[in-house]
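One letter stands for each residue in the lines below.
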Amino acid sequence: MSVCLLESIYCIGNHLIYGDMSNVQAVGITLYMALAIIQGVSSGGIAIVRRRVSTLESAIALSELDENEFGIPSLRAEISRVEISFQAINRTVLVCAMILALVAVIWFGYSSIYFAYVIGRVELLVMLFFYLIAPFVLFFFVTSLVYFKCKDITLKCKFAEKEFVARTL
């Protein structure tokens, strides 16, 4: 006989205590702390693009070609604009991650004090979402934001690289 997840949560929710959820909370706290550290993903994403443009710029200079023909000045300007926007994003993500980690630790402390308190279904679902799903949602949001902001610059850089290779070979 197959039982759906929500039905099992409905049945289990009446018998769980905070002590049963301590492993979930520990994992969630770790995920929030990791999210605070991983927010550097945006810095790493733009650093890769900047390094590619710098490498291309050096190759163009060594070949004694005009960097304006390859759009290097506009690429550098776009990278600077994206870096400035990432600084604001990094600060916001770091503050959000630290606030969520603080809430997670406080909730863990509360759960430790009321270890034997029976939790309801709503509390169970909120805990599962807050500790296990929300950190991943935030991480994928930041990662996709970095991807979409760097996508245009990366495509322009690839085009300039192909054009450079075509001219030098």
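Quick note: structure is the one above.
A brief report on the enclosed structure follows. (Residues numbered from 1 in each chain as written. Predicted model: local features only at pLDDT ≥ 70, side-chain atom pairs only at ≥ 80, totals over all residues. Heavy atoms only, no water.)

**As for the overall build of the chain**
Thought 1: A tally of regular secondary structure across the chain gives five helices and zero strands.
Thought 2: Listing every helix and strand of the chain by position from the N terminus yields α-α-α-α-α.
Thought 3: Carbon and sulfur atoms provide 71% of the accessible area of the chain, an area that totals close to 10,400 Å². (Helix = DSSP H or I, 4+ residues; strand = E, 2+ residues; numbered from the N terminus. Areas by Shrake-Rupley, 256 points an atom, 1.4 Å probe, with all protein chains shown as cover.)

**Structural notes on the pattern of salt bridges**
Thought 1: In the structure shown here, the tally under the stated rule is seven salt bridges.
Thought 2: For Glu57, the salt bridge is made with Arg76, and the minimal N-O distance between the two is 3.0 Å. Of this pair, Glu57 sits in helix H3 (residues 41–62) while Arg76 is found in helix H4 (residues 72–113), placing the two residues 19 residues apart along the sequence.
Thought 3: Counted as one network, the salt bridges with shared partners bring together Glu57, Glu67 and Arg76. (Salt bridge = Lys/Arg side-chain N within 4 Å of Asp/Glu carboxyl O.)

**Details of the packing of aromatic side chains**
Thought 1: Summed over all chains, the structure comprises eight aromatic pairs.
Thought 2: An aromatic cluster of at least three residues, connected via ring pairs, comprises Tyr32, Trp107, Phe130 and Tyr131.
Thought 3: Note that Arg167 overlies the ring of Phe70, its terminal NZ or CZ placed 4.9 Å from the centroid. (Phe/Tyr/Trp six-rings, centres within 6.5 Å; stacked < 30°, edge-to-face > 60°. Lys NZ or Arg CZ within 6 Å of the ring centre and 35° of its normal.)

**A look at a nonpolar patch on the surface**
Thought 1: Together, Tyr110, Ile113, Tyr114 and Tyr117 give the surface a local cluster of nonpolar side chains, amounting to about 450 Å² of exposed area.
Thought 2: Inspection of the secondary structure assignment puts Tyr117 in the loop between H4 and helix H5 (121–168).
Thought 3: Judged by relative accessible area, Tyr117 falls into the partly exposed class, the value being 42%. (Patch = residues over 30% accessible without salt bridge, like charges linked within 9 Å, V, L, I, M, F, W, Y side chains within 5 Å. Buried < 20%, exposed > 50% of the residue type's maximum accessible area, 1.4 Å probe, protein only.)

**Here's the deal with H5**
Thought 1: The terminal C-alpha atoms of H5, which comprises 48 residues, lie 67 Å apart, in line with the 70 Å expected from a rise of 1.5 Å per residue.
Thought 2: A bend of about 45 degrees at Ile133 is the largest found in H5, and the proline Pro135 appears one to four places after it. (Expected span 1.5 Å × (residues − 1). Bend = angle between axes of the 7 residues up to and from the residue.)

**A look at the packing of helix H2 (residues 22–38) against H4**
Thought 1: At a minimum axis distance of 8 Å, the contact between H2 and H4 shows a crossing angle of 160 degrees. Between H2 and H4, the interaxial angle falls into the category roughly antiparallel. The element H2 and its partner H4 pack so that their crossing is left-handed. Residue-level inspection shows Ser22, Gln25, Ile29, Tyr32, Met33, Leu35 and Ala36 of H2 in contact with H4, the latter providing Leu94, Ala97, Met98, Leu100, Ala101, Ala104, Val105, Trp107, Phe108 and Ser111. (Axes fitted to C-alpha atoms, helices over the stretch in contact; angles between N-to-C directions. Parallel < 35°, antiparallel > 145°, perpendicular 65-115°, else oblique. Left-handed = near helix turned anticlockwise from the far one by under 90°. Contact = heavy atoms within 4.5 Å.)

**Remarks on unusual backbone geometry**
Both trends apply: most residues other than glycine have a negative phi, and most peptide bonds are in trans.
Thought 1: The phi dihedral of Glu64 is positive, around 60 degrees, even though this residue is not glycine.
Thought 2: In this fold, Glu64 is placed in the loop between H3 and H4.

**Overview of the environment of Trp107**
Thought 1: Checked against the element boundaries, Trp107 lands in helix H4.
Thought 2: The residues touching Trp107, leaving out its near neighbours within four places in the chain, are Tyr18, Gln25, Val126, Met127, Phe130 and Tyr131.

**With respect to the side chain of Glu78**
Thought 1: Examined against the element boundaries, Glu78 turns out to sit in helix H4.
Thought 2: With residues near it in sequence (within four places) discarded, Glu78 still touches Ile153 and Lys156.

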